[in-house]
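Spelled out, the chains give:
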Amino acid sequence: MTNRIDLHPTHSHGEFKLRAGKPLPFGATLVPGGVNFSVFSRYATACSLVLFKKHAAQPFAEIPFPREFRTGNVFSMILFDVDYENIEYGYRMDGPYDPENGHRFDKEKILLDPYAKLVSGRDVWGKEPDWNNIFPHRGQILADDFDWEDDCQLEIPFEDLVIYEMHVRGFTAHASAKVKHPGTFAAIRDKIPYLKDLGINCLELMPVHTFDEFENSKLSPVTGERLLNYWGYSNVGFFAPKAGFAATGKFGMQADELKNTIKTLHKNGIEVILDVVFNHTAEGNERGHYISYRGIDNKTYYMLTPEGYYYNFSGCGNTLNCNNPIVRNMILDCLRYWVTDYHVDGFRFDLAAILGRDQNGAPMSSPPLLETLAFDPILGKCKLIAEAWDAGGLYQVGSFPSWGRWAEWNGKYRDDLRKFLKGEPGLAGAVSQRIQGSPDLYQWEARENCASVNFITCHDGFTLMDMVSYNGKHNEANGENNSDGGNDNHSWNCGWEGPCDDKEVNRLRIRQIKNAAAMLLVSHGTPMILAGDEFGNTQYGNNNAYCQDNELSWLNWEQLSENAEIHNFFRQMIAFRKASPMLRYSSYAMNAAPDVEVSWHGTSAWNADWSGAARTVAFMCRRWQSDERRTVEPDIYVAMNMHWDAHGFELPGLDNGRRWHVFANTGMESPDDIVTPGNEILLDNQQYFMVGPRSVIVLVGK
Amino acid sequence: MDLQYKMELNDGIARVTLAGSLDATNAGNFQEELKKLIGQKISKIVFMVKDLTYIASAGLRVMIFAKQRIGADVQVYLVGAQEAVLDVVKMSGLDTFMTIQKEFEG
């Protein structure tokens, strides 16, 4: 039975032996004796397979697909006896060039396969490309032989996650990271002990699919250094990992390195969520260049105006035509591939509101793509997280079509908490909703799963340290006259713009950071922390560091010792959350009795101040009287005083002889600001607690 | 630098000594050489790589091939690897299916 070959060549082209291929799956797939190439184009009149030896300037072969190798709109061919590890491939398509009708075929161009599993051309991060390369992003064929052993998706309940958002390169590129291969997937592995110690259990990786860091690169007006597309929210190949993020990228081993990183993270109880960017591609607008889709089937892949121009709901020049059935299937194939072949645990969809627009750009009530993803069997245990807005003005936080499956980045959580933190009055009501998982946004739909990803900071906008150090953004180094990046930062510099020597200002900043951490980690929903916030990482006021591949963005690990008290505070708060099942509660199921009794308080117990002047609010979580767990799990009381004066809070009474103990008090200096869970300190005064100016206390009743 | 290799078979132990650079240009020939082991009674394949300076993906695939095609029960050893080679093996996760040793201990 060994080496049985069922396929044999039926055609030839020069020295090449061929056979009509299988239309599915799309892409380049190893089959016995050869490789099956399959590519869709509805409007192409002719297609040929273009083959290069690895890194060669010119192709060594070009094989036209005979008519009988096309089925419907799919060109497919099996090429036998090919040295698949040493070739790069692309397609050349002929067809109409008629932009007014949406067609931009150009047979001079060699095009990347939209389904390429490996893409070469930017193998080493930041290495200046050969600008004369006739085919800069080349498909390669990936062998499917990674040994996952017993690894599988971790399926950690959504409400138990503590998400840590990171940029693969920025996490370890700085010399202070002290890793062998800075800025790579492999280096994440080296930092696993750190991540475990911090207590997070989910990494959300900013884009790791193939992108071109040299896209729109330019010189910084401030430093003169070259600015790169560092973040990578601009897709070249949806199916292929970014080679420049792999230490082994120069060997073409990026897929293995990423798989091995995910496998090792899983072994350590850490899930992996990928940030995916299906709203646009790196091909830009009418003036953009050809990489793939534009030359393969422009009219199918892009949303076009009636005149044939590109709609720009993404703010990046073009908009992927997500609710075209072909594109929808590509997205589905892509996500399934990352789940089956990379064991990814979930996805965060960049500008996801675009995925709910129809082919003319109008928002739909039941977008087929989002529904398909919600019900897909292979994605069935995946976390699906929407960034529920787009650059075209569609804002869907609380109304993103979810089918009970989609969660959202809760932008309202961020905005309300930030305003409350800086001391704006009248937010007690909004904050009470946010802390309970935003039932005002999500209850109506009776989502059973966690719907709200709570965050105060993310890659977009200020870091946490900058949120308390700057009133305004300082993006001059981006070279756009400080006009890029958001202006609605709801930040407060604590009395001085930027770094300062004033001890009081710096103490207040640290306290505000701890306040933010405390609120985030006691909130119902799923918390997300921006990497580096736990040790006070700064971007010097830049709130849109997308092009800053330098120390501005890279985490400086020396801050870990300088800001040890911030780090310790985060670490203990995460541990407290993990030890407190009542904080990880997040069901919005209609008609189901809530699991946790949440009561709201003010400076007097049972009497919250919901007025427009309020800058304080407190809450208590406990199990219901009839719930057996009430006697086992400590009660939790949190008082938040965002006023600049101290306020006394009357504490609600406890039953069963329990007494209040202090877990955290941000009004105290380290090391008296927080303890390890279980070691809370008994309060002398059980009736009353004086909460310092702009401070948060966390008490447990036990 | 080209690849030099030498293969010896003793008591079911195939000892493969590699020197130079195992990359796309020579991995194919080397794999053909390894195919000769298919069907023989082999319990261990020992890659002696003290003088191997470079390994590319094609080279690593050959080692995977050794494991998959010569026999599922065959134990694969990588002995005396230089740091650069060992790094690639580890980062790509291949260290889990071979035993890595400084000196062959059996």
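Structure's up top.
Residues numbered from 1 in each chain as written. Chains lettered and ligands numbered in written order. Predicted model: local features only at pLDDT ≥ 70, side-chain atom pairs only at ≥ 80, totals over all residues. Heavy atoms only, no water.

Chemist: What exactly am I supposed to notice about the overall build of chain A here?
Modeler: The helix and strand tally for chain A stands at 14 helices and 33 strands. Over its C-alpha trace chain A gives a radius of gyration of 27 Å, about what one expects of a compact globule, namely 27 Å for 702 residues. With the principal axes as the frame, chain A shows a C-alpha extent of 90 × 55 × 50 Å. Per-residue burial for chain A yields a buried fraction of 63% across its 702 residues. For chain A, the computed accessible surface area is about 25400 Å², with 50% contributed by carbon and sulfur atoms. (Helix = DSSP H or I, 4+ residues; strand = E, 2+ residues; numbered from the N terminus. Rg over C-alpha atoms; globule rule 2.2 N^0.38 Å. Buried < 20%, exposed > 50% of the residue type's maximum accessible area, 1.4 Å probe, protein only. Areas by Shrake-Rupley, 256 points an atom, 1.4 Å probe, with all protein chains shown as cover.)

Chemist: Explain the packing of aromatic side chains to me, please; I cannot follow it from the model alone.
Modeler: Residue and element names in this part refer to chain A. All chains considered together, the criterion is met by 45 aromatic pairs over all chains. An aromatic cluster is present here, built from F238, F278, Y293, Y301, F347, F349, F400 and W406 joined pairwise through their rings. We note K117 situated over the ring of Y337; from NZ or CZ to the ring centre the distance is 5.3 Å. Sitting above the plane of the F52 ring, R138 keeps its charged end 4.1 Å from the centroid. (Phe/Tyr/Trp six-rings, centres within 6.5 Å; stacked < 30°, edge-to-face > 60°. Lys NZ or Arg CZ within 6 Å of the ring centre and 35° of its normal.)

Chemist: Which parts of the structure should I look at to understand the sheet that holds strand 27 (residues 616–623) of chain A?
Modeler: Strand pairing within a sheet occurs via backbone hydrogen bonds; the two strands may be parallel or antiparallel. All names here are of chain A. Taken in spatial order, the 6 strands line up as 26-27-28-33-30-31 in an open sheet, and their pairing is antiparallel. Each end of this open sheet is capped by a strand with a single partner; those strands are strand 26 (596–601) and strand 31 (681–682). Set on the sheet, helix 9 (residues 428–435) makes contact with strand 26, strand 27 and strand 28 (635–641); between it and strand 27 the angle comes to about 30°. On top of the sheet, helix 12 (residues 503–522) reaches strand 27, strand 28 and strand 33 (695–701); it is set at about 40° to strand 33, its chief contact. (Pairing = 2+ DSSP bridges. Contact = heavy atoms within 4.5 Å. Axes fitted to C-alpha atoms, helices over the stretch in contact; angles between N-to-C directions.)

Chemist: Explain the pattern of salt bridges here, please?
Modeler: Close approach of charged atoms allows side chains with opposite charge to pair. All names here are of chain A. For the structure shown, the criterion picks out 40 salt bridges over all chains. With a shortest N-O distance of 2.7 Å, R122 and D212 are connected by a salt bridge. Of this pair, R122 sits in the loop between strand 12 (118–120) and strand 13 (138–140) while D212 sits in the loop between strand 16 (209–210) and strand 17 (218–219), and the two are 90 residues apart along the sequence. Through salt bridges that share partners, R507, K514, E565, E669 and D673 make up one connected network. (Salt bridge = Lys/Arg side-chain N within 4 Å of Asp/Glu carboxyl O.)

Chemist: Whenever I open this one, the nonpolar core confuses me. Can you help?
Modeler: Considering soluble globular proteins, one finds that nonpolar side chains tend to be buried as a cluster. Of all hydrophobic cores here, the largest spans 200 residues; its most connected members are A:Y164, A:L203, A:F347 and A:F349. For this core, the element with the most residues is helix 12 of chain A, which contributes 11 residues. Leaving out residues up to four positions away in the same chain, A:L203 has contacts with A:Y164, A:M166, A:I188, A:L195, A:L265, A:I270, A:E271, A:V272 and A:I273. B:F47, B:I55, B:L60 and B:F65 belong to the second largest nonpolar core, which has 35 residues in total. (Core = buried A, V, L, I, M, F, W, Y, C linked by side-chain atoms within 4.5 Å.)

Chemist: Is there a simple way to think about the layout of surface pockets in this case?
Modeler: Gaps left between atoms show up when a probe the size of a water molecule is rolled over them. Looking at the largest pocket, its volume works out to about 1300 Å³. Along the wall of the largest pocket there are 47 residues; nearest its centre are A:W231, A:C316, A:D460, A:N544 and A:Y546. Here the lining of the largest pocket gets 3 residues from one element, more than from any other, and that element is helix 8 (residues 411–421) of chain A. The residue makeup of the lining of the largest pocket, split by class, is 14 nonpolar, 21 polar and 12 charged. Forming the boundary of the second largest pocket are 32 residues, of which A:L30, A:Y84, B:Q31, B:F65 and B:R69 lie nearest the centre. The residue inventory of the lining of the second largest pocket, partitioned by class, reads 15 nonpolar, 7 polar and 10 charged. (1 Å grid on protein atoms, 1.4 Å probe; cavity = no way out; pocket = protein on both sides within 12 Å on 5 of 7 lines; lining within 4 Å. Points joined across faces, edges and corners; volume = space filled by probe spheres on them. Nonpolar A, V, L, I, M, F, W, Y, C, P; charged D, E, K, R; others polar.)

Chemist: What am I meant to see in the environment of A:P66 here?
Modeler: The residue A:P66 is located in the loop between strand 6 (61–64) and strand 7 (70–71) in this model. Separated by 309 residues in sequence, A:P66 and A:F375 have C-alpha atoms that sit 39 Å apart.

Chemist: What should I look at first to understand the side chain of A:D345 in this one?
Modeler: Residues and elements named next belong to chain A. Position of D345 among the secondary structure elements: in the loop between helix 6 (325–342) and strand 21 (346–349). This buried residue, D345, is left without a salt bridge; K383 holds the nearest opposite charge, at 5.9 Å. Among the polar contacts listed, one links the side chain of D345 to the side chain of H266, at a separation of 2.6 Å. Not counting residues up to four positions away in its chain, the partners in contact with D345 are Q153, L154, E155, H266, E271, V272, K381, C382 and K383. (Lys, Arg positive; Asp, Glu negative; His and termini not counted. Polar contact = N/O pair within 3.5 Å; in protein donor to acceptor, adjacent residues only side chain to side chain.)

Chemist: So what exactly am I meant to see when it comes to the environment of A:V696 here?
Modeler: Residues and elements named next belong to chain A. Relative to the elements of secondary structure, V696 occurs in strand 33. Taking the relative accessible area as the measure of exposure, V696 reaches 1% and is therefore buried. Separated by 279 residues in sequence, V696 and L417 place their C-alpha atoms 13 Å apart. Apart from the residues lying within four places of it in its own chain, the contact partners of V696 are N515, A518, M519, V638, A639, M640, M642, A664, N665 and T666.

Chemist: Even after reading the chapter, I still don't get unusual backbone geometry, so can you show me in this structure?
Modeler: Trans peptide bonds make up most of the peptide bonds, and negative phi angles are found at most residues other than glycine. Residue and element names in this part refer to chain A. In this structure, P25 follows L24 across a cis peptide bond, with omega equal to -5°. By secondary structure assignment, the location of P25 is in the loop between strand 2 (16–20) and strand 3 (27–31). The residue after S670, namely P671, is reached through a cis peptide bond having omega 10°. Of note, E149 is a non-glycine position whose phi angle comes to about 50°, a positive value. Examined against the element boundaries, E149 turns out to sit in the loop between strand 13 and strand 14 (163–166). In this model, N216 sits at a positive phi of 55°, which is unusual for a non-glycine residue. Relative to the helices and strands, N216 resides in the loop between strand 16 and strand 17.

Chemist: Sorry if this is basic, but what is going on with empty space enclosed by the protein here?
Modeler: Here the structure, examined in full by the defined rule, presents 9 cavities of 30 Å³ or more. One number sums up the size of the largest cavity: a volume of about 170 Å³. What lines the largest cavity is a set of 17 residues, and nearest its centre among them are A:H167, A:M206, A:L530, A:Q539 and A:S553. When residues of the lining of the largest cavity are traced back to their parent elements, those giving at least two are strand 14 and helix 1 (168–172) of chain A. In terms of residue class, the lining of the largest cavity is built from 9 nonpolar, 7 polar and 1 charged. Quantified by volume, the second largest cavity comes out at close to 120 Å³. What lines the second largest cavity is a set of 13 residues, among which A:E85, A:L118, A:I141, A:G252 and B:S57 lie closest to the centre. When the residues that make up the lining of the second largest cavity are grouped by side-chain class, the tally is 7 nonpolar, 3 polar and 3 charged.

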